[in-house]
Amino acid sequence: MAQATRSTDQLFTVLVRDNTLQAARLGLAVSRKAARRAVDRNRIKRIAREAFRQCGHTAAVDVIVFAKRPAASETRADLRRSLDRHFLRLLGKRAE
């Protein structure tokens with residue numbers, strides 16, 4: 001079983017691992033500890049799903065996004081910028 005590649009910053013930890021399927025999959029973990037209100041948890045998940053769809057991934061990988069506490073109070077643009085950096089760093093290498 002292959003090890004996951006990790007990327008971490010102040011807002012998110014993202015893990016990526018190869019899978020045996022023909023498509024990429026996204027998993028989201030936004031706990032009540034990270035975002036107390038359900039509306040904040042759902043906003044973070046919506047932004048993460050959209051960033052994942054638009055990152056242009058072509059590799060068959062499993063991606064898991066873990067939100068951290070500061071993510072609940074950040075703007076949409078800051079969340080998106082952080083996720084784009086993670087996906088470029090982790091999925092950019094695998095697109096070859």
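Now for a look at the structure at hand. (Residues numbered from 1 in each chain as written. Predicted model: local features only at pLDDT ≥ 70, side-chain atom pairs only at ≥ 80, totals over all residues. Heavy atoms only, no water.)

Remarks on the pairing of strand β3 (residues 25-29)
As a general feature of sheets, a regular strand has side chains that alternate between the two faces. What counts here: Here a strand pair is declared whenever DSSP counts at least two bridges between the two strands. The helix count covers DSSP runs of H or I at least four residues long, the strand count covers runs of E at least two residues long, and both are numbered beginning at the N terminus. Looking down the strands as they point away from the viewer, one classifies a crossover as right-handed if the path from the first strand across the helix to the second runs clockwise.
In this structure, β3 lies alongside strand β4 (residues 61-67), joined through five bridges in parallel fashion. The partner of L28 across the bridge, within β4, is V65. Traced from β3 through helix α1 (residues 38-54) to β4, the parallel crossover comes out left-handed.

Some remarks on the packing of α1 against helix α2 (residues 76-91)
For the record, the criterion: To get an axis, a line is fitted to the C-alpha atoms, and for a helix only the part in contact is used. The angle between two axes follows their N-to-C directions and goes from 0 to 180 degrees. Angular relationships are summarised with four words: roughly parallel below 35 degrees, roughly antiparallel beyond 145, roughly perpendicular across 65 to 115, and oblique for the angles in between. Handedness of each helix crossing follows the sense of rotation of the near helix against the far helix: counterclockwise by less than a right angle gives left-handed, clockwise gives right-handed. Note on contacts: a residue pair is in contact if any heavy atoms of the two residues lie within 4.5 Å.
The contact between α1 and α2 brings their axes to 10 Å, and the two run at 45 degrees. Taken together, the axes of α1 and α2 lie oblique to each other. Of the two elements, α1 crosses α2, and the hand of that crossing is right-handed. Along its contact with α1, which presents R43, I44, I47, A48, E50, A51, F52 and Q54, the element α2 presents R76, L79, R80, L83, D84 and F87.

Shape descriptors only; they carry no functional weight alone.
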